[in-house]
Structures are given as structure tokens and as C-alpha cells.
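# Architecture at a glance
In case you want the letters, here they are:
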Amino acid sequence: MEALSGGNGGLWGWNWQPRQPKPSNSQSRRSKSSDSVEANRGAGYRFPIKQAATAASLALTGDTIAQIRDRWRKREGDSLKRHRFFDADESQEDILLNHDWLRALRMASYGFLFYGPGSYAWYRYLDRCMPQQTVQNIMLKVLLNQIVLGPCVIAVVFAWNNLWQGKLSQLPSKYQNDALPTLLYGFRFWIPVSALNFWVVPLQARVAFMSMGSIFWNFYLSATMCK
């Protein structure tokens, strides 16, 4: 009989098994929702290491440019006061030896811990809320970028700098004297840059584009905080 049944218990090779009942729609929905919850729970929060490293390197670049410019101008001014020739070779050695690496670390850590992850989450949120590339959405993104992200960036970078220097008691006066001028100056720079970013630059290249603009901004912030 096994030869006739094909060895599997079926008649002439037909393997008959009782038909399994299909799950109901409610059971299917519960299964899919539980799978989605488990997938989201397993994914968790992932620190945007690439964006953080990019922001840190560009913050370091901006601070380095600010330090070199300050030392170069100071060196040139001292040479004029002493009525002596400005030695470019000697100034280069002075730039390398007298670099403030603690100040550079402050700016780099700010970019890595705050600006990179924060701006990345902010731009993702804007794109999720306003995915259509309409004129109205672009203008709204630029407006929100200035009135939400701009003050947050200035508040955090001032507080981070004063914390490292042990000058938290001077933070209110720092906000009072420098926060508003820095914010207004940032409007003149970031409004056209943000409009160009949201309007022309594709989504996958926006972080890189804004990071390139951040070189100038980090240079300005570094010079402002170390006055």
C-alpha cells in the first residue's frame, strides 16, 4: 500500500492533510500590530553618529579658523606697534604652538553631542510634517528654522561654553549682551541659506549642505563666545 500511496499516506502520491482555518481579520490585525510593536521596540533609538561626527568636525574647523584669524591679527597688530617687519614664517610657528585645544574641544563636543543630533532630528521632523515641496511649506520651514532652531542653538552653545569655563553665574549676562545680536546676525545668514537648502537641495544632500554653511557660522559663534 505504501507503494501505491507514494510513501506519504496519500492515494497515488496525493498528500492529503486537513485544511487549516484562516485567521480572522481581527486576529490578523492583532498579529500585524504586535509584530510592528516588537520591531519598533527592537529598533530603539539610534544615535546619529554620522551627523554628529560631521557636525563635530565642522565645528572644529570653524573654531580653528577663528583662532588662526585672531592670532594672525594680534600678531600683525603687535608687529605694527613695535615697528618691526611681520615675519610670516614665525607667525605660522606661533599659530601651531599656541593653539587653544581646550577651546577647540569645547566646540567639537558641542557639535557632536548637541548640534549634529539635534539638527538631524529637527530636519527629519520638518520633512515628516511637511513632505510636499510647495512654496508655502518651504517658507514655513525657513520660518520655523529661525524662530525655533536658531534660539535653541544659541542658548545651548552659550551654556555649554560657560559650563566648560566654570562661568555659569555669568550666563545670564552673556545671554543679555550677546544672544540677541548673535540671533539677529544669524537671521541674515541662515534665512537665505535655509531657503536655498529647502528649495533646491535634495533631501539626501541637505545635511551636508547645511554643514558646509555651518563652517562660517561655527567660526562666528566661536569668535562671539570667546570675546
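Scope of this entry: the structure provided in the associated data block. This one's a predicted model, so the numbers in the text were calculated from it and none came from an experiment.

## Some thoughts on the overall build of the protein
If you tally the helices and strands in the protein, you get eight helices and zero strands. A burial count over the protein gives 35% of its 227 residues as buried. Pairs at least 24 apart in sequence give 71% of the contacts found in the protein among residues at least 6 apart. Accessible surface, the protein: about 15200 Å² in total, of which carbon and sulfur atoms supply 62%.

## Section: the packing of aromatic side chains
Each aromatic ring pair is specified by the distance between its two centres and by the angle formed by the two planes. Scanning all chains against the criterion turns up nine aromatic pairs. Ring plane angle 75° and centroid distance 4.9 Å describe the contact between phenylalanine 189 and tryptophan 190, whose orientation is recorded as edge-to-face. Among the aromatic residues, those joined into a cluster by ring pairs are Phe114, Trp160 and Trp164. We note lysine 174 situated over the ring of phenylalanine 158; from NZ or CZ to the ring centre the distance is 5.7 Å.

## Observations concerning the environment of glycine 116
With respect to the helices, strands and loops of the structure, glycine 116 is situated in helix 5 (residues 101–129). Ignoring anything within four residues of it in the chain, the contact list for glycine 116 reads Gln51, Ala52, Ala55 and Gly111.

## Examining the layout of surface pockets
The computed volume of the largest pocket comes to approximately 160 Å³. Looking at the lining of the largest pocket residue by residue, the class counts come to five nonpolar, no polar and three charged.

## Regarding the pattern of salt bridges
By the definition in use, this model includes three salt bridges. With a shortest N-O distance of 2.9 Å, lysine 174 and aspartate 178 are connected by a salt bridge. Placement of both lysine 174 and aspartate 178 in helix 7 (residues 171–199) is noted, with a separation of four residues, approximately one turn of the helix. Classification of lysine 174 as buried rests on a relative accessible area of 13%. With a relative accessible area of 12%, aspartate 178 lands in the buried category.

## So, empty space enclosed by the protein
Tallied over the entire structure, the rule returns two cavities of 30 Å³ or more. What the largest cavity holds in volume is close to 170 Å³. Leu149, Gly150, Val153, Trp190 and Trp217 are, among the 16 residues lining the largest cavity, the residues nearest its centre. Going through the elements one at a time, helix 5, helix 6 (135–164), helix 7 and helix 8 (203–225) are the ones with two or more residues in the lining of the largest cavity. Split by residue class, the lining of the largest cavity holds 10 nonpolar, six polar and no charged.

## Notes on the packing of helix 6 against helix 7
Axes are the key here: two packed helices are described by the angle between their axes and the distance separating the axes. For the pair helix 6 and helix 7, the least separation of the axes is 8 Å and the interaxial angle reads 145°. For the pair helix 6 and helix 7, the sense of crossing is right-handed. When its residues are assigned to classes, the contact of helix 6 with helix 7 shows 17 nonpolar, seven polar and three charged.

## Observations concerning the environment of leucine 180
Of note, leucine 180 is situated in helix 7. Here leucine 180 falls in the exposed class, since its relative accessible area comes to 52%. Residues leucine 180 and proline 151 lie 29 residues apart in sequence; the distance between their C-alpha atoms is 8.9 Å.

## Some words on the nonpolar core
The nonpolar side chains of a soluble globular protein tend to be buried with one another. Core analysis: the largest hydrophobic core is formed by 25 residues, its most contacted members being Tyr110, Tyr123 and Trp190. Among the secondary structure elements, those contributing two or more residues to this core are helix 5, helix 6, helix 7 and helix 8. Among all residues touching tyrosine 110, those that are not within four sequence positions of it are Tyr115, Val153, Val156, Val157 and Trp160.

Criteria and thresholds
Once a new chain begins, its residue numbering starts again from 1 and follows that chain's sequence as written. The predicted origin of the model limits local features to residues at a pLDDT of at least 70 and limits the giving and counting of side-chain atom pairs to 80 or more, whereas totals for whole chains, interfaces and linings rest on all residues. Computation of side-chain values: all heavy atoms of the structure, hydrogens and water removed. By definition, any uninterrupted DSSP run of H or I lasting at least four residues is a helix, any uninterrupted run of E lasting at least two residues is a strand, and each is numbered from the N terminus. For each residue, the accessible area found with a 1.4 Å probe, counting protein chains only, is set against the maximum for its type, and the residue is called buried under 20%, exposed over 50%, and partly exposed in between. Any two residues having at least one pair of non-hydrogen atoms within 4.5 Å are treated as being in contact. Method for areas: the Shrake-Rupley scheme with a 1.4 Å probe, in which residue coverage is limited to the protein chains shown. Aromatic rings from Phe, Tyr and Trp, with only the six-membered ring used for Trp, were paired whenever their centres fell within 6.5 Å, and each pair was classed as stacked if the ring planes differed by under 30 degrees, edge-to-face if by over 60, and tilted otherwise. The criterion for a charge sitting over a ring is simple: Lys NZ or Arg CZ within 6 Å of the ring centre, and within 35 degrees of the ring normal. Definitions used for this entry: grid spacing 1 Å over protein atoms alone; cavity, a set of points where a 1.4 Å probe fits but cannot get out; pocket, an open set with protein on both sides within 12 Å along at least 5 of 7 lines; lining residue, one with an atom within 4 Å of a point. Grid points are joined across faces, edges and corners, and a volume is the space filled by probe spheres set on the points. As a working rule, the residues Ala, Val, Leu, Ile, Met, Phe, Trp, Tyr, Cys and Pro are called nonpolar, Asp, Glu, Lys and Arg charged, and the rest polar, with Gly in that last group. Note on definitions: salt bridges are taken to be side-chain nitrogens of Lys or Arg within 4 Å of carboxyl oxygens of Asp or Glu. To define axes, lines are fitted to C-alpha atoms, for helices over the stretch in contact only, and angles between the resulting N-to-C directions are given on a 0 to 180 degree scale. With the far helix as reference, a near helix turned anticlockwise by less than a right angle produces a left-handed crossing, and one turned clockwise produces a right-handed crossing. For the purposes of this section, nonpolar cores are sets of buried Ala, Val, Leu, Ile, Met, Phe, Trp, Tyr and Cys residues that join through side-chain atoms within 4.5 Å.

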